[in-house]
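Fold and contact review
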Amino acid sequence: MSKARKYFVIARIHVQNAFAYRANVISGLLYYTLFIFVFFSLWQAIYQEGSVNGYTHGQVVWYLIATELVVFGCRTPIVSKINEDVKTGAMAYLLNRPVHYIAYQAAAAVGQILANLCFFGVLAVALGFLFVGPIPNFRWAGIPCMLLSGLLGVALQFSSMVAIGLTAFRLEDNSAVYLIFQKLVFMLDVFLPVEFLPVWLQGIAKALPFSYVAWGPAKLFVDFTWSLFFRIVPMQLLWFSVMTGFALLMYRSGMRNLQMNGG
Amino acid sequence: MKRHLKIALRYFKVNLASAMEYRSSFLMQAFGMALSNATFVFFWWVAFSHVGGRIGGYDFADVMFIWALCSSAFGLSNVLFANVSHLTRLIVTGELDTFLLQPCNVLMNVCCARTSLSAYGDLLYGIVLLALTQGGNGAAWASFALGVPVGAALITAVGLTAHTLTFLLGDASLAGSMSVEFIINFCIYPEGIYQKFVRVLMYSVIPAAFIVHIPLRLARSFSPGWLALWLAASVLYCGFACWFFYRGLKKYESGNLIITRL
């Protein structure tokens with residue numbers, strides 16, 4: 001079987017898997033709706049009692065819908081899976097197979113992510129129109145650029161999750177590392193647009209990878225400009241390369257130190 | 001009652017001792033959870049710095065109070081009764097048999113059989129947050145001290161009721177996990193941001209108001225009427241959860257699974 005076809009089959013199986021577990025899909029859709037409803041109510045209260053510069057209420061709700069779409073789209077158990085493979089020794093069985101371990105995980109995640117984006121994408125658009133109507137001054141011509149930035153955001157999140165999962169080679173328990181990464185992503189771009197942060201923090205946030213997971217694509221989605229596009233996408237590419245390089249480095253160094261005891 | 005508390009205490013000691021066997025893992029999980037919760041203080045700080053006054057009728061200290069109380073109540077619930085979230089699996093696989101054969105209260109035995117390591121972080125985080133944001137406010141501490149065990153009992157009761165549906169409808173793990181998520185989400189935001197129909201739900205089906213919002217009201221201006229209503233509603237809710245569990249248990253059919261509990 002050709003290399004590309006092998007990974008295509010793995011991705012296809014994971015798409016089928018995602019559709020098979022209906023309870024997971026339903027719970028994900030309910031969570032997504034709950035988050036959007038709670039934050040819609042919260043921002044409505046904030047906009048009633050004060051004003052927030054730079055974003056209208058409609059824009060901030062659509063912003064949240066877009067950032068949550070990236071986060072929910074990336075909902076794969078990859079960190080816990082790699083963790084488990086390293087700790088239980090299940091990795092030994094996967095290493096014998098004619099696939100690269102990281103590429104196998106990537107293909108599996110692509111399948112799951114594609115399915116997630118289908119489910120949550122439809123719900124996201126429906127909820128946006130239901131709560132606040134269309135995005136004010138939406139730039140239709142920018143859609144391909146928004147999609148590119150969205151894909152890079154998902155890719156950056158995925159490579160970061162693989163790198164965190166592989167820290168299991170070094171740490172006894174890496175769940176705290178993932179929790180902290182998750183919360184930094186939430187605070188520096190998912191719940192709050194970078195423009196809402198204190199001025200001294202905005203520069204730091206824009207230099208770190210966390211903001212390019214969801215803030216970049218969501219900002220382009222609600223307020224597209226070419227200059228913004230040319231600022232965000234190169235940073236996404238840079239951080240994606242750094243995180244992928246780091247993940248591969250962790251993998252190689254982990255493989256060198258891996259000890260397998262047969263039986 | 002004394003016997004039940006003795007079982008709960010013994011389980012707590014055994015669970016804590018087994019957690020401490022993997023000390024670094026335990027500390028990492030507890031510390032990670034506390035740090036993860038702390039990021040929300042930043043979110044609220046930014047939100048209030050934009051608005052300046054109140055959001056949904058709550059000021060910054062009020063929001064920190066409900067966060068502290070919710071975190072500690074959730075923590076205590078999962079330190080003592082973490083096995084509730086595994087109830088569906090126990091029923092579906094037939095592992096409940098083991099608990100039925102033991103000479104002690106089934107519900108207490110099932111609920112206390114497991115602890116959650118990260119829940120210690122939640123429990124501690126709430127206390128630290130309260131100390132940092134309410135200082136020496138005696139009313140806030142009194143309401144918190146009573147609110148944590150009551151809230152823990154209510155959160156446990158919500159999860160128990162949802163998982164008990166498995167006896168009647170089949171696998172209800174989705175309802176079980178969703179119910180606690182829903183209740184936490186309605187506990188950590190000001191009550192006033194929601195429309196009236198949601199607030200009605202928060203005072204009835206989803207008892208979020210009894211976990212954090214009424215204790216906050218009592219901390220800010222004490223009223224014996226609200227205190228009585230709070231305690232009575234909480235006892236009723238927990239009583240219903242226990243009754244519902246035993247009612248569901250009558251429908252349980254053993255799968256004759258043979259397992260060993262060490």
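The structure displayed is predicted, hence computed values, not measured ones.

Along its length, chain B carries 12 helices and zero strands. For chain B, the α and β elements follow one another from N to C terminus as α-α-α-α-α-α-α-α-α-α-α-α. A globule of 262 residues ought to have a C-alpha radius of gyration of about 18 Å, and chain B, at 19 Å, matches this closely. With the C-alpha coordinates aligned to their principal axes, the bounding extent of chain B is approximately 60 × 45 × 35 Å. For chain B, with 262 residues in total, the buried portion stands at 43%. Residue pairs in contact within chain B that sit at least 24 positions apart in sequence constitute 81% of those at least 6 positions apart.

Our next topic: the overall build of chain A. Tallying secondary structure elements over chain A gives 11 helices and zero strands in all. Reading chain A from its N end, one meets helices and strands in the order α-α-α-α-α-α-α-α-α-α-α. Taking 2.2 N^0.38 as the reference for a compact globule, 263 residues should give roughly 18 Å; the C-alpha atoms of chain A span a radius of gyration of 19 Å, in line with that estimate. Based on the C-alpha atoms only, the size of chain A along its principal axes is roughly 65 × 40 × 30 Å. When each of the 263 residues of chain A is scored for burial, the buried share is 44%. Contacts spanning at least 24 positions in sequence make up 81% of the contacts within chain A whose residues lie at least 6 apart.

Here we take up the interface of chain B and chain A. Across the boundary between the two partners, chain B contributes 31 residues, which contact 27 residues of chain A. If you list the elements that add at least two residues to the side of chain B that touches chain A, you get α2 (23–51) and α9 (173–187) of chain B. The element best represented in the side of chain B that touches chain A is α2 of chain B, accounting for 16 residues. Partitioning the side of chain B that touches chain A into residue classes produces 16 nonpolar, 13 polar and two charged.

Let us now look at the environment of Lys251 of chain B. Residues and elements named next belong to chain B. Position of Lys251 among the secondary structure elements: in the segment after α12 (224–249). Spatially, the C-alpha atoms of Lys251 and Thr166 are 9.9 Å apart, while their sequence positions differ by 85 residues. Setting aside residues no more than four positions away along its own chain, Lys251 makes contact with Phe167 and Leu168.

Looking at chain B as a whole, its pLDDT mean stands at 88, while 98% of the residues score no less than 70. Prediction confidence for the complex, expressed as pTM and ipTM, is 0.84 and 0.82 respectively.

With that settled, consider the environment of Leu80 of chain B. Residues and elements named next belong to chain B. Tracing the chain through its elements places Leu80 in helix α3 (residues 60–80). On the neighbour-count criterion, Leu80 (25 C-beta atoms within 10 Å) is buried. Taking the C-alpha atoms as reference points, Leu80 and Ala113, separated by 33 residues in sequence, lie 8.3 Å from one another. Excluding residues within four positions of it along the chain, Leu80 makes contact with Ala8, Phe12 and Cys112.

What follows concerns the packing of helix α7 (residues 143–166) of chain A against helix α11 (residues 226–257) of chain A. Residues and elements named next belong to chain A. Relative to each other, α7 and α11 sit at 25°, their axes nearing to 8 Å. Here α7 lies roughly parallel to α11, going by the angle between them. For the element pair α7 and α11, the recorded crossing hand is left-handed.

Right, let's get into the environment of Ile232 of chain A. All names here are of chain A. Here Ile232 shows up in helix α11. Expressed as a C-alpha distance, the spacing of Ile232 and Lys206, which sit 26 residues apart in the sequence, is 9.1 Å. With sequence-adjacent residues up to four places away left out, Ile232 is seen in contact with Ser149, Tyr212, Gly216 and Leu220.

What follows covers the packing of helix α8 (residues 138–169) of chain B against α12 of chain B. All names here are of chain B. Running from amino to carboxyl end, α8 crosses α12 at an angle of 25°, the nearest separation of the two axes being 9 Å. Taken as axis vectors, α8 and α12 run roughly parallel relative to one another. Here the hand of the crossing between α8 and α12 comes out left-handed. Listed contacts from α12 to Val150, Ala153, Leu154, Ala157, Leu160, Thr161, Thr164, Phe167 and Leu168 of α8 are Ser234, Tyr237, Cys238, Ala241, Phe244, Phe245, Gly248 and Leu249. A class-by-class count of the residues in the contact of α8 with α12 yields 13 nonpolar, four polar and no charged.

Quick notes on the rules
Residues numbered from 1 in each chain as written. Chains lettered and ligands numbered in written order. Predicted model: local features only at pLDDT ≥ 70, side-chain atom pairs only at ≥ 80, totals over all residues. Helix = DSSP H or I, 4+ residues; strand = E, 2+ residues; numbered from the N terminus. Rg over C-alpha atoms; globule rule 2.2 N^0.38 Å. Buried ≥ 20, exposed ≤ 12 C-beta atoms within 10 Å, placed from the backbone. Contact = placed C-beta atoms within 7 Å. Nonpolar A, V, L, I, M, F, W, Y, C, P; charged D, E, K, R; others polar. pLDDT = per-residue confidence, 0-100. Axes fitted to C-alpha atoms, helices over the stretch in contact; angles between N-to-C directions. Parallel < 35°, antiparallel > 145°, perpendicular 65-115°, else oblique. Left-handed = near helix turned anticlockwise from the far one by under 90°.

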